[in-house]
Amino acid sequence: MPRLELNLSGLNQQRTSLLELQAKQRQLDSDLAKQRATLDAALRAGQSPNVTGVMRAQLEAAQEKRSALDARRRDMQIGVDRVADGLLGERDPAQLTEALDGGQPIALLPMRLETRYFPTFPETPNSLRIRVYPDDINIIQHSAALTDSERQAGMDYWRSQFLQNNGEAERITRDLALTHGRSRCAWIVRVLTPDNAAQLGQDDPQNGGLVVPQFPDMPSIDAKAKQTRALLLPDRWCAIGYASGRREVFRVWGKRVPDELSLSPDWLNLDDKQREALFDGERAWLVDFDAALEKGMALQVDQSSVNEFLRRRHDARSFNLATDTLERLIVVGLEWTKDATQSAEELAELLAAQRDSEGLGFVPLGTPTNNTELSPSGYSQAEERNPPSNASESAQLPKEKDALQLLTDALGLPADKLTAEGIHNAHLAEQRTQLHMLNALWRGTFGHYLMELWNPSGAEDSERLLKMPTLYALRRYAVSYLRPAGALPLLRVAKQPYGILPIVGKAYSGVGDGVLESGIGKVLGVLRPIWEIAVQQKVPLLKDGDVDKAKEILQSAAWSQTAYYRDAANLCLIQNNFFPDGLNPQKPSKEGLIQNLLATFGVMSNSGSLPIVSCTSFPPDPPFPAVQLTGVPWVLADAQDQSKEAPAATTFATTPAQANYLRYMANNITNDALLNSYQSGPTLLQALLSYSVQMERHDAVASNEYLSLAANKVASVAAAGILYVEARQENVMHFAVNSPKELANVVIPALTGNATLGQYVAQSLAMQPATLQASVASKASDTLFESVKHIFPALRDVSTVKLSIGYLADRSVGELNWALKSTLDAFSYRLDAWYSARANRRLEQLRAKKPTGVYVGGFAWVENLKADRRPDSDGCLLAPSLAQAASAALLRSGFMANHEQGAFNIELDSQRTRRALDILQGLTRDQPLAALYGY
């Protein structure tokens, strides 16, 4: 389908004019702030009424001018909406999605959804009302101008710095953070950085003393002129309702959403002489449903529209809003009136504004989101009132800003629009840690399972279902794209965390997929239905007031917390026969699954001789359950209790060298005695890693033997095989090799001289050292494999493992803990992580062609929605935030309990709120309360 070409030039021109008008309004707000400050100073100085009268008249004239300018802005916004609506023409709005470039991703931001059936009890409802509220990420309170108090505090801070008075500078930033928050404080200090900051602390030979700071020119603003706004919303919303069986029963489009939605009163445009509603005009959509409909932030679904939709779809089945249940209600919207470049720039500016106001950062994996008896949550409002980190603390953080770089690349943001300064935890390298853990553990865990359980015993390479090149190609795919803990970091805006997840459609198939990607897709296609059934049956869901299920959900973690094992005498191998006497330890469902999986590789048929997986060495499920692995720490034992895990912040000791078993293993990767001892070590990671390293070394030995051309048959990885070696005397001798250790002791003179294969590999590794090159986070996997490209091919894989272990040796116990657990999860039951890997690969392909640009939209959903026939509550409180709603609810509750005395009968109209803000602002300027009451 060809892309729909929209002419956006007229709309962009209208938007440019609107931005120019808004700039004029901000300048007028700045002038108003200065005039008001001048008038206040004159009144405090006791100037004559004639002087103050002239000033007051000038101020009133400026206010009238601002009101006229505000009216022009509203008219211009209506003009922008009219031009955008003109793009629709006679089209269905859904067709405008065809105007989006398929080579660019779409970032869907979450919204808050509220629903209400109407009319309410006791009448029978015939419509569904839907309200959409922007979430924290779309709401900004930042103003790129300084109030007088902010400017004065910022200048005093830098004057103290130039005078080398660090104590006074710390006090100022502490007070600023208490008043305005850490992020705004950091912004104030940053934008007021003197132009001569390089001369800080230097002597001034001309004027004597120290150099005086020279401040940049920054615009001013009255505190009342600050506005809370919602930006970067979709062009319009679409509500889609699904009945049982995911049958679509309605699709309703709303009106156009303005480019900017006001969320707070315009204090400068209120008349002191007239009481006015707190939310009126452009802000009425927050509390009035009809106004929200006009602003596109509400939708209404009528029974008649449902009937018409089903009629057009030739669906004879009915759906009654009053009695039937909506299995799922989805509200989604896209912004098609801006191209990908424009949307990416505005998204970067939005995130930068969050950084400089309410705060922007990244949340480390494993951070608790709730306060419990054992530990508090990972966010504290008290911390937001602490002063920002100083330069010395910032210098101690890693130079690589992995988290920010991954986010910037994924969203296609301009690199210069969102800098790391002021972004909390921009250095987090969790995705890099994950890929190195996957690479280090692959061969001894999932790779070993695939090699041994999916290949016939003693088969030659041509007879294997999964050959060595395929196994290592799959390993590189996993290292590059498999991220069970998330391919992108967890973003935090203010106190709200946001998980960012790349997704593709369930039936997605990449155009450039090779044999490996196609094979992975086929296997996932076979496993997905079984996995979905298991999810429905075993995943706890919070419904029907089940307290036990609620406890189970709240006590769950992001990755497995318990490990189990089963003893096995021999390996499970594919055998080319059926089980004797019908003794099949596999359940029929498992056997069918295995046959379907093998069919995806083209190795199954309907003939009588089928290669069936025989797991006779493992006991069947019940009555022989797996045994819990207890008393074995995951990563590092606690110094006080060897059976428990060390605290998450613990790092491995550097001395003695053996204490950091990861570093010691990386430096002694050819030491068999060490690796053998580590396999019975005190931690699970130590045992698994040492076994993986031994398997990697054996593969290197086998590869050298195979590439030497002295052998025409490669020995099995774990089972006995025949190895033909060309002797010195040119006559063929036959050696039976029964284990990897015996293969490592074979001498191939043409390749190794007098050394054994094991010694040859060890010598080669010592002679060809590899160094992990520095790289940006999105290229970390490519860089890992590029770092060993100069090494002999047979030694490259074991060299990457050595590099990965060396990297992991510097991480904390907490990082290694979640990386180990999530890796084992991905190698056992986390099918969703493998599906996400396809989306991660798709995103990488898109960014390789178009590094910048992104479309923006929004989404929200509700499940199991049904009309409530119970009597209504005492009333619905609509508020722009949960905090405001909670405050109003508490006040109403107090009033209803004490209404006879008139207690808590507090009116929060604009005039009272404005006066309260004046008093609070005066207190921040150290004015006495009595004087403020007098004013």
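Refer to the structure above for everything that follows.
From a predicted model like this one, the values you see are computed outputs, not experimental measurements. (Residues numbered from 1 in each chain as written. Predicted model: local features only at pLDDT ≥ 70, side-chain atom pairs only at ≥ 80, totals over all residues. Heavy atoms only, no water.)

1. Concerning the overall build of the protein
Heads up, the rule is: Secondary structure elements follow DSSP: runs of H or I of four or more residues count as helices, runs of E of two or more count as strands, with numbering from the N terminus. Remark: exposure states derive from per-residue accessible area (1.4 Å probe, protein chains only) relative to the maximum for the residue type, with buried under 20%, exposed over 50%, and partly exposed in between. We call two residues in contact when some of their heavy atoms are within 4.5 Å. In this description, accessible areas are obtained by the Shrake-Rupley approach with a 1.4 Å probe, and a residue is regarded as covered only by the protein chains that are shown.
A tally of helices and strands in the protein yields 29 helices and 19 strands. Evaluated residue by residue, the protein yields a buried proportion of 44% over its 935 residues. Partitioning the intrachain contacts of the protein with sequence separation of at least 6 by distance along the chain shows that 73% fall at a separation of at least 24. When the accessible surface of the protein is summed, it comes to about 48,400 Å², and 53% of that surface belongs to carbon and sulfur atoms.

2. Let's talk about the sheet that holds strand S8 (residues 298-302)
This is how the line gets drawn: In this scheme, strands are said to pair when DSSP sees at least two bridges between them. Note on method: axes are straight lines fitted to C-alpha atoms, helices fitted across the in-contact stretch only, with angles between N-to-C directions ranging 0 to 180 degrees.
With mixed pairing, the seven strands of this open sheet are ordered in space as S6-S5-S9-S19-S1-S2-S8. Pairing within the sheet leaves two strands with one partner each, and these edge strands are strand S6 (247-253) and S8. Geometrically, the sheet is characterised by an average inter-axis angle of 25° between neighbouring strands, direction not taken into account. The pairing of strand S2 (residues 127-134) with S8 spans five bridges and is classified as antiparallel.

3. Some details on the packing of aromatic side chains
The condition that has to hold: Side-chain rings of Phe, Tyr and Trp (the six-membered ring for Trp) are treated as a pair once their centres are within 6.5 Å; stacked means planes under 30 degrees apart, edge-to-face means over 60, and tilted covers the remaining angles. We call a charge positioned above a ring when the Lys NZ or Arg CZ atom is no farther than 6 Å from the ring centre and deviates by at most 35 degrees from the ring normal.
Enumeration over the complete set of coordinates arrives at 13 aromatic pairs. Centroid distance Tyr133 to Trp285: 6.1 Å. Interplanar angle 35°. Geometry classified as tilted. Of this pair, Tyr133 sits in strand S2 while Trp285 sits in the loop between strand S7 (260-262) and helix H6 (289-294); the two residues are 152 residues apart in sequence, bridging distant segments of the chain. Grouping residues by exposure puts Tyr133 and Trp285 together as buried. Note on Phe446 and Phe827: the rings are 5.2 Å apart at their centroids and 10° apart in plane angle, and the pair reads as stacked. Placement of the pair is Phe446 in helix H12 (residues 446-453) and Phe827 in the loop between helix H25 (813-826) and helix H26 (831-849), with a sequence separation of 381 residues. Look at Phe446 and you get buried, because its relative accessible area is 15%. Connected via pairs of aromatic rings, a cluster forms that spans Trp442, Phe446, Tyr449, Phe827 and Trp834. The lysine or arginine in question, Arg112, covers the ring of Tyr133, its NZ or CZ lying 4.6 Å from the ring centre.

4. Observations regarding the packing of helix H4 (residues 166-180) against helix H5 (residues 182-191)
Counted only if it meets this: These descriptions rest on fixed angle ranges, namely under 35 degrees for roughly parallel, over 145 for roughly antiparallel, 65 to 115 for roughly perpendicular, and the rest for oblique. A clockwise turn of the near helix away from the far one marks a right-handed crossing, whereas an anticlockwise turn of less than a right angle marks a left-handed crossing.
Put simply, H4 and H5 touch, their axes get as near as 7 Å, and they point 130° apart. Considering the angle they form, H4 stands oblique to H5. Our pair here, H4 against H5, has a crossing hand that is right-handed. Residues Thr173, Leu176, Ala177 and His180 of H4 form the contact with H5, whose own contacting residues are Arg182, Arg184, Cys185, Ile188 and Val189.

5. Side note on the pattern of salt bridges
As a reminder, the rule being used: The salt bridge criterion pairs a side-chain nitrogen of Lys or Arg with a carboxyl oxygen of Asp or Glu, the two atoms within 4 Å.
On inspection of all chains with the given rule, the structure shows 42 salt bridges. In this structure, Glu150 engages Arg184 in a salt bridge whose closest nitrogen and oxygen atoms are separated by 3.0 Å. Taken as a pair, Glu150 in helix H3 (residues 148-162) and Arg184 in helix H5 lie far apart in primary sequence, 34 residues in all. When its relative accessible area of 0% is taken as the criterion, Glu150 is described as buried. With a closest N to O distance of 2.9 Å, Asp356 and Arg355 form a salt bridge. The burial state of Asp356 is the same as that of Arg355; both residues are buried. Here the salt bridges do not stand alone but share partners, grouping Arg15, Asp81, Asp85, Asp235, Arg236, Arg256 and Asp259 into one network.

6. Topic: the pairing of strand S11 (residues 490-493)
With four bridges joining them, strand S10 (residues 360-363) and S11 adopt antiparallel strand pairing. Across the sheet, residue Gly361 finds its bridge partner in S11, namely Arg492. Here S11 hands over to strand S12 (residues 496-498) after two residues, with Ala494 in that stretch at a positive phi of 55°.

7. A closer look at the nonpolar core
Just so we agree on the cut-off: Only buried Ala, Val, Leu, Ile, Met, Phe, Trp, Tyr and Cys residues count toward a nonpolar core, and they belong to the same one when joined by side-chain atoms within 4.5 Å.
Judged by nonpolar contacts, the single largest core of 70 residues is most densely connected at Leu128, Ile130, Phe250, Trp285, Leu347, Leu351 and Leu491. A per-element tally of this core places helix H8 (residues 340-355) first, with seven residues. For Trp285, the residues in contact, after removing those within four places along its chain, are Arg131, Val132, Tyr133, Pro134, Leu261, Ser262, Leu263, Ala291, Ala292, Lys295 and Met297. Grouped together as the second largest cluster of nonpolar side chains are 44 residues, Ala429, Met665, Ile669 and Tyr807 included.

8. Notes on the side chain of Arg247
The condition that has to hold: A 3.5 Å cut-off defines polar contacts: any pair of N or O atoms within that distance qualifies, except that in protein one atom must be a possible hydrogen donor and the other a possible acceptor, and neighbouring residues in sequence count only when both atoms are side-chain atoms.
Locating Arg247 in the fold gives a position in strand S6. A residue is classified by how much of its surface remains accessible, and Arg247, at 14% relative accessible area, is buried. A distance of 3.0 Å separates the side chain of Arg247 from the side chain of Asp315, its partner in a polar contact. Here Arg247 is in contact with Gly241, Tyr242, Leu310, Asp315, Arg317, Ser318 and Phe319, once residues within four sequence places are set aside.

9. Brief notes about a nonpolar patch on the surface
Note the cut-off: Residues forming no salt bridge and having over 30% relative accessible area are the ones grouped into patches, like charges within 9 Å of each other and nonpolar side chains (Val, Leu, Ile, Met, Phe, Trp, Tyr) within 5 Å.
On the surface, a nonpolar cluster with roughly 490 Å² of combined accessible area is contributed by Leu917, Leu920, Leu923, Leu929 and Tyr933. Listing elements by their share of the nonpolar patch, those giving two or more residues are helix H28 (910-924) and helix H29 (929-934). For the nonpolar patch, the element with the highest residue contribution is H28, accounting for three residues. Here Leu929 is to be found in helix H29. Under the relative-accessibility criterion, Leu929 is labelled partly exposed at 38%.

10. Examining unusual backbone geometry
One can expect most non-glycine residues to show negative phi and most peptide bonds to be in trans. Across the junction of Phe118 and Pro119, the peptide omega takes the value -5°, indicating a cis bond. With respect to the helices and strands, Pro119 occurs in the loop between strand S1 (106-118) and S2. A positive phi angle, close to 60°, is found at Leu232, a residue other than glycine. Residue Leu232 is classed as buried on the basis of its relative accessible area of 7%. Positioned with a positive phi, Arg246 is a non-glycine residue whose angle comes to about 55°. The topology assignment puts Arg246 in the loop between strand S5 (236-243) and S6.

Spatial relationships are all this shows, so hold off on functional conclusions.
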